[in-house]
Amino acid sequence: MRRVLLLAALLLPAAAPPAQACSQSQTTTTARKTATTAPRKSLPRPVYHAADAPTNAPVAYVGGMKPVMDQGRYFHGILDQLEGRYAPGGTDFRWDGEAWYGGDYNRLWLKSEGTLEHGRLHDGDHELLYSRAVSPYWNVQAGVRADIDDGPTRTWGALGVQGLALYQFEFQATAYVSDRGRFASRIEGSYDFLLTNRLILQPQAEFNLYTKSDPARQVGAGLSDVDAGLRLRYEVWRKFAPYVAVSYAGYLTQARRIVHDQQGESGALRLTFGVRSWF
Amino acid sequence: MLIPSRNRGGLSRRRFVTGLGAGGLMAALPRPLQAHTPAAGQVPPTARARWDLRVGRTRIEIDRKVLHAPCIGEDVPGPILRWRQGDTVSINVTNTLADEDTSIHWHGLRLPAAMDGVPGLSFAGIPPGETFTYRFPVTQSGTYWYHSHSGMQEAQGLYGAIVIDPPVPDPQPCARDYVILLSEWSDVSPMDMLSNLKMQDDYYVFRQRTLASLPREAREAGSTLAALKDRLAWSRMRMAATDIADVTGVIYTYLLNGHAPDMNWNALFSPGERVRLRFINGASMTFFDIRIPGLEMLVVAADGNAVEPVPVDEFRIGVAETYDVIVQPREARAYTIFAQSEDRTGYARGTLAPQPGMSGPIPPMDPRPVRTMVDMGMDDMKPGESMNGMAMPEHGHDMSASHSHSHLMPHHEGGTMDGMDMTGHAPQHPMGGMQPTTPQQTPHRHDTPTPRHEEGAMAGMDMADMQPAGHGHAMPMSEHRVDEPVHHQPAGRMHRPGAMDHDAPAPGTMPVLEVDDPGPPPLNVENQNIARMPTDRLGSPGDGLEHNGRRVLNYRQLRATRPGSDPRPPTREIIMHLTGNMERYIWGFNGRKFSESGPIRLRRNERVRFTLINDTMMEHPIHLHGMWSELENGQGAYRPYKHTLISQPGSKLSYLVTADAPGLWAYHCHLMLHMETGMFRTVIVE
Ligand SMILES: [Cu+2]
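Residues numbered from 1 in each chain as written. Chains lettered and ligands numbered in written order. Predicted model: local features only at pLDDT ≥ 70, side-chain atom pairs only at ≥ 80, totals over all residues. Heavy atoms only, no water.

### Let's talk about the environment of T535 of chain B
All names here are of chain B.
Then, number 1: Relative to the elements of secondary structure, T535 occurs in the loop between β21 (514-516) and β22 (572-581).
Then, number 2: Given the relative accessible area of 6%, T535 is considered buried.
Then, number 3: Residues T535 and R550, spaced 15 residues apart in sequence, show a C-alpha to C-alpha distance of 23 Å. (Helix = DSSP H or I, 4+ residues; strand = E, 2+ residues; numbered from the N terminus. Buried < 20%, exposed > 50% of the residue type's maximum accessible area, 1.4 Å probe, protein only.)

### Concerning the coordination of the copper ion
Residues and elements named next belong to chain B.
Then, number 1: For the copper ion, the full set of protein donor atoms is H620 (ND1), C669 (SG) and H674 (ND1), and the range of their distances to it is 1.9 to 2.1 Å.
Then, number 2: Between consecutive donor residues of the copper ion, the sequence gaps follow H-x48-C-x4-H. Of the two residues examined, C669 and H674, each falls in the buried class. (Donors = N, O, S within 2.8 Å, 3.2 Å for Na, K, Ca; no water.)

### Topic: the sheet that holds strand β9 (residues 159-165) of chain B
Residues and elements named next belong to chain B.
Then, number 1: Spatial ordering of the open sheet is given by β4-β9-β8-β6, a layout of 4 strands whose pairing is mixed. What marks the edges here is a single partner per strand, and that holds for β4 (81-84) and β6 (105-107). Taken over all neighbouring pairs, the strand axes of this sheet differ in orientation by 30 degrees on average, direction set aside.
Then, number 2: Where β4 lies against β9, 4 bridges are found, and the strand directions are parallel. (Pairing = 2+ DSSP bridges. Axes fitted to C-alpha atoms, helices over the stretch in contact; angles between N-to-C directions.)

### Quick notes on the nonpolar core
Then, number 1: W83, W106, F136 and Y667 of chain B are the most contacted members of the largest nonpolar core, which has 155 residues in total.
Then, number 2: With 6 residues, strand β10 (residues 176-185) of chain B is the single largest residue contributor to this core.
Then, number 3: Judged by nonpolar contacts, the second largest core, of 10 residues, contains L164 of chain A together with A241, M376 and M378 of chain B. (Core = buried A, V, L, I, M, F, W, Y, C linked by side-chain atoms within 4.5 Å.)

### A closer look at the side chain of N266 of chain B
All names here are of chain B.
Then, number 1: As for its placement among the helices and strands, N266 is situated in strand β12 (residues 265-268).
Then, number 2: A distance of 3.1 Å separates the side chain of N266 from the backbone oxygen of N264, its partner in a polar contact.
Then, number 3: In this structure the side chain of N266 is engaged in a polar contact, spanning 2.8 Å, whose partner is the backbone nitrogen of G357. (Polar contact = N/O pair within 3.5 Å; in protein donor to acceptor, adjacent residues only side chain to side chain.)

### Describing the UniProt feature "domain: Plastocyanin-like" (unreviewed entry) in chain B
Residues and elements named next belong to chain B.
Then, number 1: Here the UniProt feature "domain: Plastocyanin-like" (unreviewed entry) sits at residues 57-167, 244-352 and 568-686.
Then, number 2: Note that residues 57-167 is 0% helix and 44% strand, and that its end C-alpha atoms are spaced 36 Å apart.
Then, number 3: Within residues 244-352, the helical portion is 0% and the strand portion 51%, while the C-alpha atoms at the span's ends are 30 Å from each other. (UniProt positions renumbered as here; feature names shortened; annotations may be inferred.)

Structure, rendered in C-alpha cells:
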C-alpha cells in the first residue's frame with residue numbers, strides 16, 4: 001500500500017503542475033481541480049450560512065423548557081489575602097478579597113481590601129463593579145469605589161479591565177475619578193508558579209497612582225504606594241491554602257515624603273502568614 | 001433496611017432505601033434481589049416488551065462516597081433491559097422523586113420524537129408522582145443504553161444498559177454474554193462541579209506541569225530549553241497541555257457495572273468459550289481506554305451496529321459510545337478487564353475468571369497524554385520545534401486559504417506523513433516559495449489511509465476496497481468523497497464571496513448544492529481557539545494511545561457488515577465548529593452556546609453531510625438523537641452507522657445523516673458539563 005501511495009504522490013504533481021504556485025488565480029485553481037475530476041455540469045452556486053444561526057422563528061419548546069442550563073448564574077467569593085504581617089514594631093493584619101455573582105457575560109463584583117495597623121484601619125478600599133466579558137480572557141468593569149477606613153472617606157467612579165494576560169498573568173487595571181475631580185489608577189498583577197500541583201509560588205503586586213496629593217490619606221501625586229508579596233501557598237484543597245510570604249507595603253515618591261513628615265513608617269518588608277480561601 | 005451487595009474487595013457497598021415514603025418502600029420489597037447479586041452485568045435470559053421502572057433516590061455508598069443517587073430500582077446502574085427487534089416495547093416510568101422532574105432517553109434508538117425523552121423537545125418530562133409510558137416499535141438490534149436527560153441525573157446514577165436481540169440468529173454466537181457498563185461515582189454534585197469549574201477551570205486537575213515535572217519533560221523533549229519553550233507556547237495561548245479531562249479521578253471512583261475497582265466485578269467463563277462483552281460508556285465526563293491483558297478482543301459491533309471484526313488489544317470508548325467485543329480466553333485463569341480513564345487518574349476494573357472471586361494482576365496505568373499542536377489544529381509542530389523539514393502537500397492552491405483553516409490536510413501522524421509541517425498560520429507567507437519536497441513527504445490527493453495500528457486487522461482498507469464493486473445500490477461514485485474530506489474550501493472563508501468557485505466535487509460525486517458554513521469561529525468570550533489546520537485524525541486511536549506498542553482501534557477500521565441503506569449523496573453540507581473557552585468554562589458550536597443559537601433545520605428525508613471541525617483541544621463525543629450518523633471513514637458504502645462520534649481535538653471529520661425522523665431532536669456533546677454549558681443544538685426535522 002505504501003508503494004501505491006508513493007507512486008501516486010509522484011504522479012499527481014505532474015498531472016497538475018500549475019496548482020503548485022500560490023499566486024495562481026482562482027479560476028486556474030478551479031480549472032485544475034476540474035482537470036483532475038470527471039467532467040462536471042455547471043452547478044448552482046452554493047449557499048453559505050450557518051445552519052445554527054439565530055433566527056426570528058424561535059423554537060417552541062414543550063412547556064418552555066430549555067433542554068440545557070447554559071444561562072446559569074453562579075456566586076463565588078475569594079479571599080486572596082487574609083494574613084498577619086509580622087514586624088518588630090507590631091503586627092499588621094490585612095485582607096484582600098472579592099466576590100461575584102452572575103453568568104457568563106454579566107457579573108456583579110464586590111471587592112474589598114484593607115490593612116489594620118496598630119489598631120488603625122487604613123488602605124480600606126471597597127468597590128462595587130459591574131463586569132462585562134468582552135473577549136476570551138478580558139472583562140470590562142465599571143462602578144464605584146469607596147475608601148472607607150479610619151482616614152477621611154473618598155468616593156470614586158471606576159472603570160477598568162480585568163483578565164488573563166499573555167502567559168497567564170492575572171492582571172487588572174482600573175482608572176478612577178473622584179467626586180472632587182481627581183484621577184487615580186490602580187494596577188494589579190499576579191502569577192502562579194506551580195512548584196508542584198499543590199505548592200504554588202505567587203508573586204503579586206499592586207500599585208496606586210494619583211494625579212493629586214491627599215495628605216490626609218497619605219496619598220502623593222504620581223506613583224503613591226505599592227503593596228507586593230511573594231506567597232508560597234499549599235493547596236490542601238483548592239479552596240483552602242495556607243501560605244507563608246514576604247510582603248512589602250510602602251509609600252513612594254511624594255507620598256513617601258508626606259508619610260515621613262507625618263512620622264509614619266514609609267515602608268517595610270515583613271514576614272507574613274495567611275490563608276487563601278474561596279467558596 | 002440494609003441490603004449488603006456483592007462485596008469482594010473488602011469494601012462493602014451498602015444501600016439504604018430512604019426518602020421514598022411508604023409507597024416507594026412497598027414497591028421496593030417485591031423487587032427481586034437479582035440486581036444486587038453477582039449477576040450484575042448478566043444479560044437477562046429473555047427479552048420482554050413490557051417494563052415498569054421506578055425512578056427514585058436511594059442512598060448508596062461506594063468507595064466510601066455516599067450519595068442519594070437518582071436511580072432506577074434502587075440500584076446503580078439500573079436494570080439491563082432486554083428487548084427484541086420487531087417488538088413494540090412499552091415502558092412505564094414512574095417518578096417517585098420528591099420534587100424534581102425526571103426523564104429517560106433511549107440512547108441510539110430510532111423512535112418517534114415524543115418517545116425520545118428529552119424534556120422540552122416533543123416531551124414534557126415526567127413530574128414527581130407521575131408515570132409516563134414510553135411505547136415504540138424496536139427496529140434495530142445491538143447494545144445501547146438509557147439515561148436521564150433531566151437535571152444532570154445521568155451523572156449520579158440514572159442510567160442502564162439496553163440489549164436488543166436481532167430477529168435472525170447472531171452471526172457471532174457466544175457462549176456467554178455480559179454487559180460492561182462503565183461510569184463514574186462521586187459524592188460531589190454535578191452542580192457543584194460546574195460551579196467550581198466556572199470559578200477555576202483546572203479545579204480537578206492535579207497533573208499539571210510543574211517545576212517538579214520539568215526534569216522529566218526536559219528528558220522527553222531533549223533539552224530543558226525545549227521543554228521550557230513548549231511550556232511558554234502553551235502559557236502564551238493561556239491553555240494547558242495537560243488539560244485532558246475536566247473532572248478527574250480526584251473526585252471520581254470509576255465503576256464497572258456499578259462496582260468500584262476493589263469490589264472486583266466478576267464474570268465467569270469456561271476456557272475456550274467465546275464471550276461477548278458489551279461495553280457501554282455510561283460516564284458523564286470520562287473517556288476510557290479498555291484492554292484485557294493477555295486477551296485479544298474482536299470488535300464486532302460499534303454503537304449497536306455490526307462491523308467487520310477487528311482484532312485489537314485496546315480501544316478507546318468515548319462517553320455514550322458502545323462497542324461489542326468477543327474474547328476467547330483459553331486458559332483457566334483470571335483476566336483483568338482494565339479500563340483506565342483517558343487522563344490516567346483512575347480506572348475501572350473487573351475480572352473474567354473461571355471461578356467466582358478470582359482476580360488477576362492489575363496493570364499500571366499508562367502515562368497521561370499531553371496535548372500537542374496537533375490538538376490545537378495548528379500543525380504537526382510542537383511549540384519550540386524548528387521549521388526544518390517543513391514540507392507542503394501537493395495541493396498548494398489550498399494553502400492560500402490555510403489561514404482560514406478550511407483545508408484539511410491528509411495527515412496521519414506517522415506513516416508517510418512524518419515530518420510534514422506547515423506554516424499555515426502565516427497567511428502572509430509567500431506561498432510561491434513553498435514547493436512540495438520529496439514525494440515521500442507529499443501526501444497523495446486521494447489520501448489513502450495510512451493506518452498505524454493495524455497488523456492484519458485492516459482488511460478492506462486499500463483503495464480497491466473503497467468502492468466495493470459488488471454491492472448493488474450504492475452509487476459507485478457517491479462515496480468517493482469520503483476519502484478526501486480534504487476538498488472543502490468554501491469561498492465564504494476567504495471573505496471574497498463569489499471570487500472563487502466552490503470546490504470542485506470529487507470525481508463523480510454528486511454536488512453538495514448548499515453549504516451551511518459559519519466560517520472560522522470568532523475569537524470571543526465563548527471561544528478561545530481556531531484550529532487553523534484541522535487534520536483528519538480518523539486513523540489515530542486518540543491522544544495517549546499512539547505508539548504504545550498495542551493494536552488500538554481507530555475509526556478508520558470500522559467497516560459495516562452491510563452497505564448503507566441510503567445510497568443518495570448529500571445535497572447539503574452543514575459545517576459545525578466545536579468551540580469553547582476552557583478558561584471561562586463555556587462550550588458551544590460556532591462560537592456560540594445553545595441559548596444564543598438557532599436550531600438546525602433539516603428537511604424531511606433530506607440527505608445531509610455534517611462536517612465537524614474541532615477548534616478546541618479536547619475530545620467531544622457528538623451525539624445526534626433519532627437519526628444515524630454514518631461516519632465517512634473511507635469504507636465506502638460500508639461506512640459505520642454510529643450514534644455518537646468522537647471528534648478529536650484539532651480534527652475534522654464528516655458523516656452523513658438521512659433526516660427521516662420528523663420532530664425536534666437533541667444534538668450535543670455527550671460530556672454532560674459541555675452540554676449543559678452550551679454545546680447543544682436543537683435539530684428540527686420538518
Ligand atoms: Cu464536549
